[in-house]
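# Structure at a glance
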Amino acid sequence: MNAQVAVVGAGPSGLIAAREAAKRGAHVVVLEEHMQIGLPVECAGLLSLRGLKAIGLRPEGPYVLNRQLRGARFVSPGGRELLVEAGEPVACVVDRHLLDLALAEQAKRAGAEVLLGRKVLAISHLPSGVSLSGRWGSLQAQVAVVAEGFRSRLVRRLGLRTVDWRRVLPASQVELRVPDLAEDLVEVWLGSRVAPGFFAWVIPLGDGLARVGLACRRGLDPRELLAAFLRRRLGVRLPPDLRRPPYAGSVLTCGPIPRTYSDRAVVVGDAAGQAKPTTGGGVVLGGLCALLAGRTVAEAVREGDTSAGALRAYEVAWRSLLGREFRAMLLARRLLDRLPDKALDLAVWLTLELGLGREVARVAEMDFQSRVLAALPRLLLSCLIRHPRAPRPPGP
């Protein structure tokens, strides 16, 4: 079996790269290890409406469960609540299984072939391309797009560095009914008593249903922490079949790997660490990188040059678009990781006292977070100037 472009992995990043390469005339074959697209689901499914459009999907598609999300309610370790909301919906919740199916259909319509049950165990270089092989056989291609997720074994075989596993956090999530749920706000719960090393989330799906989950430091059991969070914080009892919540994958806070290309291959999505270090979300940013990857490999095939020198254009392009975002989010994540609960409480209190939440909402973007982080000093100064008296911090 032969192809011009072989894509390993039929998640969003792989399918977007396949779609873009096929649209430009390349013969594309996608190799997916599972027998169904989009399963198993390992994602909270919270996406910005702007990001959804940017990766080529309609916010009105059947994969959207709730498109009315206007903002978030942050709950500090001490119970203070900070509301950051826009005047109109800015985000949606998706069914990842249906979303992946929609992307697969787009890729097929563009001309890509999607093969299921094709787990790739090895990749090797040929004089004019690569060979991908597994128990199913082998495929030769001029260039490969590795999009098989952060557990990828192929990245190291390409001579590249893999994601920093010390910053891959275990996570757990359930779907259930939550009382007194605001259908247009996401809840973010902070603090070491709830989710040490990260945060817990409550994402409304509509009709009183929500995805409730958390991630935590390595070495801890997120299922136990989630059960405690549901019981103590939300007053929700787990149904009998969810007495021990399942794992829901992992959250990447490591940022991108140092290099995402080699001779005859590029790496995209979670395999490349292209997820937001602040929240772990990777569908949109990984998808934006995949757009560039698909276009780059199609051009390389057309020019007959799939060397590392030609494929370097992919890395130059995505770092030009998103490099600043990843640097800012990595800095913010490292700062958050070092803040004790008392400092988080103080930060939320100060934000409330100065009315900074309203200012942040005006400039906030879910995917391009560097703009908010860069604007914070200016917003803080503006709030202080307008505040008649300097606020006094709460007592111990």
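What comes next concerns the included structure.

## A look at the overall build of the protein chain
A count of helical and extended segments in the protein chain gives ten helices and 18 strands. Relative to its 396 residues, the protein chain shows a buried fraction of 55%. The long-range fraction of contacts in the protein chain, counting pairs at least 24 apart against all pairs at least 6 apart in sequence, stands at 71%. Counting only carbon and sulfur atoms, one obtains 51% of the accessible surface of the protein chain, whose full area is about 18300 Å².

## A closer look at the pattern of salt bridges
Opposite charge on two side chains permits pairing when their charged atoms draw close. Counted under the stated rule, the structure contains 18 salt bridges. Linking aspartate 221 and arginine 223 is a salt bridge whose minimum nitrogen-to-oxygen distance equals 3.2 Å. Classification of aspartate 221 by relative accessible area gives buried; the value is 16%. Under the relative-accessibility criterion, arginine 223 is labelled buried at 19%. A cluster of three or more residues bridged by salt bridges with shared partners is formed by Arg19, Glu20, Lys23, Arg24 and Arg295.

## Describing the packing of helix α1 (residues 12-23) against helix α3 (residues 96-110)
Packing of α1 against α3 leaves a shortest axis separation of 8 Å and a crossing angle of 20°. When the interaxial angle is binned, α1 and α3 end up roughly parallel. Seen from above, α1 lies across α3 with left-handed handedness. Contacts between α1 and α3 involve Pro12, Leu15, Ile16, Ala18, Arg19, Ala22 and Lys23 on the former and, on the latter, Arg96, Leu99, Asp100, Leu103, Ala104, Gln106, Ala107 and Ala110. Residues that form the contact of α1 with α3 fall into these classes: ten nonpolar, one polar and four charged.

## Considering the sheet that holds strand β12 (residues 168-177)
Read across the sheet, seven strands follow the order β6-β5-β13-β14-β15-β12-β16 without closing on themselves; strand pairing throughout is mixed. Edge strands, defined here as strands with exactly one partner in the open sheet, are β6 (81-85) and β16 (247-252). For this sheet, the mean angle separating the axes of adjacent strands, direction not counted, is 25°. The sheet strands contacting helix α5 (residues 222-232) are β12, β13 (185-189), β14 (200-206), β15 (209-215) and β16, and the helix crosses β12 at an angle near 40°.

## Regarding the nonpolar core
Residues Val5 and Val28 are the most contacted members of the largest nonpolar core, which totals 56 residues. The element best represented in this core is helix α6 (residues 283-303), accounting for 13 residues. Setting aside anything within four residues of it in sequence, one finds valine 28 in contact with Val5, Val7, Ala18, Ala21, Ala22, Gly111, Ala112 and Glu113. In this structure, Leu31, Leu139, Ala141 and Phe150 belong to the second largest nonpolar core, which totals 29 residues.

## A look at α1
Its twelve residues place the ends of α1 16 Å apart at the C-alpha level, agreeing with the 16 Å of an ideal helix rising 1.5 Å per residue. The buried fraction of α1 amounts to eleven of the twelve residues, a majority that puts the element mostly inside the structure. Buried residues of α1: Pro12, Ser13, Gly14, Leu15, Ile16, Ala17, Ala18, Arg19, Glu20, Ala21 and Ala22, and no others. Buried residues along α1 sit against β1 (2-8), β2 (28-31), α3, β8 (113-115), β11 (137-146) and α6. Just downstream of α1 lies glycine 25, where phi reads positive at about 95°.

## Overview of α5
Side chains three or four residues apart in an α-helix point the same way, a direct result of the helix having 3.6 residues per turn. Burial within α5 is extensive, with eight of its eleven residues counted as buried. Looking at the packing, one finds that the buried side of α5 touches β12, β13, β14, β15 and β16. At the N-terminal boundary of α5, the capping side chain belongs to aspartate 221, with an oxygen 2.9 Å from the backbone nitrogen of arginine 223.

What counts and how
- Residues numbered from 1 in each chain as written.
- Predicted model: local features only at pLDDT ≥ 70, side-chain atom pairs only at ≥ 80, totals over all residues.
- Heavy atoms only, no water.
- Helix = DSSP H or I, 4+ residues; strand = E, 2+ residues; numbered from the N terminus.
- Buried < 20%, exposed > 50% of the residue type's maximum accessible area, 1.4 Å probe, protein only.
- Contact = heavy atoms within 4.5 Å.
- Areas by Shrake-Rupley, 256 points an atom, 1.4 Å probe, with all protein chains shown as cover.
- Salt bridge = Lys/Arg side-chain N within 4 Å of Asp/Glu carboxyl O.
- Axes fitted to C-alpha atoms, helices over the stretch in contact; angles between N-to-C directions.
- Parallel < 35°, antiparallel > 145°, perpendicular 65-115°, else oblique.
- Left-handed = near helix turned anticlockwise from the far one by under 90°.
- Nonpolar A, V, L, I, M, F, W, Y, C, P; charged D, E, K, R; others polar.
- Pairing = 2+ DSSP bridges.
- Core = buried A, V, L, I, M, F, W, Y, C linked by side-chain atoms within 4.5 Å.
- Expected span 1.5 Å × (residues − 1).
- Polar contact = N/O pair within 3.5 Å; in protein donor to acceptor, adjacent residues only side chain to side chain.

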